[in-house]
Structure formats: structure tokens, C-alpha cells
Amino acid sequence: MENEKLLEGKHVVVTGGTGSLGRAVVRRLLSGDAGIPDRVTVFSRDEAKQHFMRLEFLEAPKATDEIIYSSAKESLRFVIGDVRDADSVAKVISDAHVVINAAALKQVPSSEYFPMEAVKTNINGAENIVKACLKNGTRIEKVIGISTDK
């Protein structure tokens, strides 16, 4: 079936890729269930989570320069950025085929106390992705918005 290999040879960007849902999505993408992507880019603003995720996926006990910088040669890439920043979103998806938006503030109490921060990420961030996809020259084939039950 055609859908079985939907991601074969594609560049997939996962925004919020170090969050609980994003990590599960990246794991699933790397399993090859929908085809083997050419590249999976994890886009998030949390450098510590990226560091530990990189070590986990490389099954490395500790970081070395070789692990951090040679990973650019592998299919799994990590980019520091924020969906709130339209320029960084546009840059990271500029050569992507598929964008999966898992970036969100999902803790209800935090969102209630800081509602504008939730709006900036959950609403404006999604808008930044859409606007970047609509720019001339992008080759985006599919955008998927996913969320937890929060």
C-alpha cells in the first residue's frame, strides 16, 4: 500500500520533539513503520532535553564532541529553536517534506497562571508553522498537528 511508505526518503521536522509526545513520535518515525525517513529533525528550545535525547538514541553513556557533532551525519538531527520565533521556524522547515507539530504548553495550572505564554506557544507557534509552510519555495507536503489530552 502507498500509505505504508508515506515517509520513505522524506525529511520530517518534529517541533516540540523533546517533549513527552514528541519523543514518542520520533521513536515511531525511526522505527520505519511508515517508511524510513531520510532525516528526522527534532526542533525544541530545551537544550538539556536534546542532549539527553541524543545520548539515549545513540545509546551512548556520555557525550563527546564526536557524538555531538558527528550526529549531523546521521538521520536524526537536533535543532535549538522555538515555535514562537517565526524566523527559526521558517529556517528549520525550509527543506522539510513533513512537519509534525508537538510543541505545546500542556500543564493546565501553568497555562491558567500564564495564559499569554500558552497562547504564544500553542496558538502563535502553530500559526508560525502555517505561515512558514505557505512561503514560496517550501516543499512541505503535509503538516500534522498532534496533542495530548490536556
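Conventions we followed
- Per chain, the residues get numbers from 1 upward, laid out in the order the sequence is written.
- Only residues with pLDDT of 70 or above have their local features reported here, since the model is predicted, and side-chain atom pairs are shown and tallied only from 80 upward, although totals for entire chains, interfaces and linings are computed over all residues.
- Side-chain figures throughout are based on the complete set of non-hydrogen atoms in the structure, without hydrogens or water.
- In DSSP terms, a helix is any run of H or I states spanning at least four residues, a strand is any run of E spanning at least two, and both are numbered starting from the N terminus.
- Remark: exposure states derive from per-residue accessible area (1.4 Å probe, protein chains only) relative to the maximum for the residue type, with buried under 20%, exposed over 50%, and partly exposed in between.
- Residues count as neighbours in contact if any of their non-hydrogen atoms are within 4.5 Å of one another.
- Residue-level accessible areas treat just the shown protein chains as cover; the underlying method is Shrake-Rupley with a 1.4 Å probe.
- For this analysis, a nonpolar core means a set of buried residues of the types Ala, Val, Leu, Ile, Met, Phe, Trp, Tyr and Cys, connected via side-chain atoms within 4.5 Å.
- By salt bridge we mean one thing: a side-chain nitrogen of Lys or Arg within 4 Å of a carboxyl oxygen of Asp or Glu.
- Residue-level confidence of the predictor is summarised by pLDDT, bounded by 0 at the bottom and 100 at the top.
- Working convention: axes come from line fits to C-alpha atoms, limited for helices to the stretch in contact. Angles between N-to-C directions cover 0 to 180 degrees.
- Convention used here: angles under 35 degrees read as roughly parallel, angles over 145 as roughly antiparallel, angles from 65 to 115 as roughly perpendicular, and any remaining angle as oblique.
- For a crossing to be left-handed, the near helix must be turned anticlockwise from the far one by less than a right angle; the clockwise case is right-handed.
- Here the nonpolar group is Ala, Val, Leu, Ile, Met, Phe, Trp, Tyr, Cys and Pro; Asp, Glu, Lys and Arg are the charged ones; every other residue, Gly included, is treated as polar.
- Two strands qualify as a pair provided that DSSP identifies no fewer than 2 bridges between them.

With that out of the way, let us pick up the overall build of the chain. A count of helical and extended segments in the chain gives six helices and five strands. Counting from the amino terminus, the chain carries its helices and strands in the arrangement β-α-β-α-α-β-α-β-α-α-β. Burial statistics for the chain: of 150 residues in total, 37% are counted as buried. Nonlocal contacts in the chain, meaning residues at least 24 apart in sequence, comprise 77% of its contacts between residues at least 6 apart. Surface summary for the chain: the accessible area is close to 9100 Å², and the carbon and sulfur share equals 53%.

Tracing the chain through its elements places R39 in strand β2 (residues 39-44). Overall, the relative accessible area of 17% leaves R39 in the buried class. Aside from chain neighbours lying at most four places away, what touches R39 is K10, H11, V12, S75, R77 and D95.

Take the nonpolar core next. Side chains of a nonpolar character, in soluble globular proteins, are inclined to be buried together. In this structure, V13, F43, V83, V89, I93, I129 and I140 are the most contacted members of the largest nonpolar core, which totals 14 residues. Ranked by size, the runner-up nonpolar core spans 13 residues in total, among them L7, M53, L76 and V98.

Turning to the pattern of salt bridges, a few remarks are in order. Evaluation of the coordinates by the stated rule reveals nine salt bridges. E141 is the partner of K10 in a salt bridge, and the nearest nitrogen-oxygen pair spans 3.0 Å. Within this pair, whereas K10 is found in the segment before β1 (11-15), its partner E141 is found in the loop between α6 (115-134) and β5 (142-145), the two being separated by 131 residues in sequence. Judged by relative accessible area, E141 falls into the partly exposed class, the value being 48%. The partner of K120 in a salt bridge is E117, and the shortest N-O contact between them spans 3.3 Å. With a gap of three residues between them, K120 and E117 both fall in helix α6, about one helical turn apart. Looking at E117, the relative accessible area reads 30%, which means it is partly exposed. When salt bridges with common partners are traced through the structure, they connect R23, R27 and E56 into a single cluster.

The next subject is the confidence of the model for the chain. Interpretation of this model should avoid reading the predicted coordinates in detail wherever pLDDT is low. Here the chain averages 87 in pLDDT, and 86% of its residues register 70 or above. Across the chain, the element-wise mean pLDDT spans from 46 in helix α3 (residues 65-70) up to 98 in β1. The model gives residues 67-73 a pLDDT under 50, and that stretch makes 13 contacts with residues more than four places away or in other chains.

In contact at an axis separation of 9 Å, helix α4 (residues 86-93) and α6 are set at 50 degrees when each is read in the N-to-C sense. As far as their axial angle goes, α6 and α4 are oblique. At the point where α4 passes α6, the crossing takes the right-handed sense. Contact residues: α4 offers A86, V89, A90 and I93, while α6 offers N128, I129, A132 and C133. Residue composition of the contact of α4 with α6, grouped by class: seven nonpolar, one polar and no charged.

All right, on to the pairing of strand β4 (residues 98-101) then. Neither face of β4 is exposed, since V98 and I100 on one face and V99 and N101 on the opposite face are all buried. Judged from the four bridges that link them, β1 and β4 form a sheet pairing that is parallel. Among the inter-strand pairings, V13 is bridged to a residue of β4, identified as V99. Across four bridges, β4 lies against β5 in parallel orientation.

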